[in-house]
Amino acid sequence: MNLTSIPALQDNYIWLLSNKENRCAIVDPGEAAPALNFLTQNQLTPEAILLTHHHADHVGGVSEIVNHYPGLPVFGPKETAKCGATHLVAEGNNVSVLNSEFSIFEVPGHTSGHIAYYNAPFLFCGDTLFSAGCGRIFEGTPKQLYESIQKIANLPDDTVVCCAHEYTLANLTFSNAIWPEEPNIAAYLHKISQIREKSQSSLPTTLGLERKINLFLRCHEFDLKRKLSTEPEKIEHWRAFEILRSKKDCF
């Protein structure tokens, strides 16, 4: 499988997974033109669209793409039924695309019906987990999003995390402010600063890397809890997550 990130809108990525037969799956097309141009330039034929949630910057290009490829199946959670989804899926379902099986995880928090698609090693997680960060909580609760991220954390280190926004530098800047003496974060902030100065993408990332540089995956660590509370021994992991997310919202 070949993985491609297609820049869209202000800071979105449309993900495209293709096989040797020049067939592909399109994930979260926030707008149509970049995806359609890439398909034409690379002589690719889409086999399906996969949607993670209902926000416009993830579904805005669906109708135009389907107009170009009539009958193209569009998979998504129940909340995308009005966004062009033709096949509604939930946790426990599998989606057969590109002669492969994609497992569905329900990962509520950013939205109430958010899902992720996993076909080892690729994870398409929308706005649930970002490199060095996580999504804002719009419809769910902090505990829901924490538990959703724990599902992702159970995957192998070599999982290729395909998140939907170029937020890595901003996330690392926040993390470094929270924990300036943490060497993994400081080193990766320096690296990503150089990458972004060249307008290069910081994604995809790997789960193994994220375990080191993503504070939202480290809320069980006592040293991080000490940064967040005067009584770190009394804080449940998800409460530490809630405090951290609140601080990021105001950063």
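All values derive from a computational prediction rather than experimental measurement.

Novice: Explain the sheet that holds strand β5 (residues 74-76) here, please?
Specialist: Hydrogen bonds along the backbone pair up the strands of a sheet, which may run parallel or antiparallel. The six strands lie next to each other as β1-β2-β3-β4-β5-β6, forming an open sheet whose pairing is mixed. Of all strands in the sheet, those bounded by a partner on one side alone are β1 (2-8) and β6 (87-88).

Novice: I'm lost on helix α1 (residues 32-41) in this one. Help?
Specialist: Residues of α1 that are buried: A32, P34, A35, L36 and L39. Contacts made by the buried residues of α1 are with β1, β2 (12-18), β3 (23-27), β4 (45-50) and α3 (62-68). In the segment just after α1, Q43 is the residue with positive phi, at about 50 degrees.

Novice: Would you mind going over empty space enclosed by the protein with me for this structure?
Specialist: It is the rolling of a water-molecule-sized probe over the atoms that shows where space remains empty. With the rule as written, the count across this model stands at one cavity of 30 Å³ or more. In terms of lining residues, the largest cavity is bounded by Y13, W15, V27, D28, F124, C125, G126, C162 and A164. With three residues, the top contributor of residues to the lining of the largest cavity is strand β10 (residues 122-126).

Novice: I tried to follow the state of the cysteines on my own but got confused; where do I start?
Specialist: Tallied over the entire structure, the rule returns zero disulfides. Among the cysteines around C24, which has no disulfide bond, C162 carries the closest sulfur, lying 14 Å off. The class of C24 is buried, set by a relative accessible area of 0%. Of all cysteine sulfurs, the one in C163 lies closest to C125, which takes part in no disulfide; the gap is 5.2 Å.

Novice: How should the UniProt feature "domain: Metallo-beta-lactamase" (unreviewed entry) in the protein be read in this particular structure?
Specialist: Sites flagged by UniProt as "domain: Metallo-beta-lactamase" (unreviewed entry) map to residues 11-165. In the segment residues 11-165, helix accounts for 21% and strand for 34%; the C-alpha atoms at its two ends are 6 Å apart.

Novice: Help me understand the domain arrangement of the protein in this model?
Specialist: Reports of interface size often rely on the accessible area that becomes lost once the parts have come together. According to the domain assignment, the protein contains domain 1 (2-162) and domain 2 (167-250). Look at where the C-alpha atoms of domain 1 and domain 2 centre, and you get two points 24 Å apart. Listed by partner, the interface residues are 28 residues for domain 1 and 27 residues for domain 2. Counting each side, the surface lost to burial between domain 1 and domain 2 is near 2400 Å², with a carbon and sulfur contribution of 64%. Area buried by domain 1 at its contact with domain 2 is led by S131, A132 and Y146, which between them contribute 27% of it. If you look at where domain 1 meets domain 2, you find two salt bridges. As a salt-bridge pair, D157 and R211 come within 2.5 Å of each other at their nearest N and O atoms. Contributions of two or more residues to the side of domain 1 that touches domain 2 are made by β1, β2, β11 (129-130), β12 (133-134), α4 (142-153) and β13 (160-163). With seven residues, the single largest contributor to the side of domain 1 that touches domain 2 is α4. In terms of residue class, the side of domain 1 that touches domain 2 is built from 19 nonpolar, five polar and four charged.

Basis of the calculations
- Residues numbered from 1 in each chain as written.
- Predicted model: local features only at pLDDT ≥ 70, side-chain atom pairs only at ≥ 80, totals over all residues.
- Heavy atoms only, no water.
- Pairing = 2+ DSSP bridges.
- Helix = DSSP H or I, 4+ residues; strand = E, 2+ residues; numbered from the N terminus.
- Buried < 20%, exposed > 50% of the residue type's maximum accessible area, 1.4 Å probe, protein only.
- Contact = heavy atoms within 4.5 Å.
- 1 Å grid on protein atoms, 1.4 Å probe; cavity = no way out; pocket = protein on both sides within 12 Å on 5 of 7 lines; lining within 4 Å.
- Points joined across faces, edges and corners; volume = space filled by probe spheres on them.
- Disulfide = S-S within 2.5 Å.
- UniProt positions renumbered as here; feature names shortened; annotations may be inferred.
- Domains from an automatic or database assignment.
- Buried area = accessible area lost by both parts, 1.4 Å probe.
- Salt bridge = Lys/Arg side-chain N within 4 Å of Asp/Glu carboxyl O.
- Nonpolar A, V, L, I, M, F, W, Y, C, P; charged D, E, K, R; others polar.

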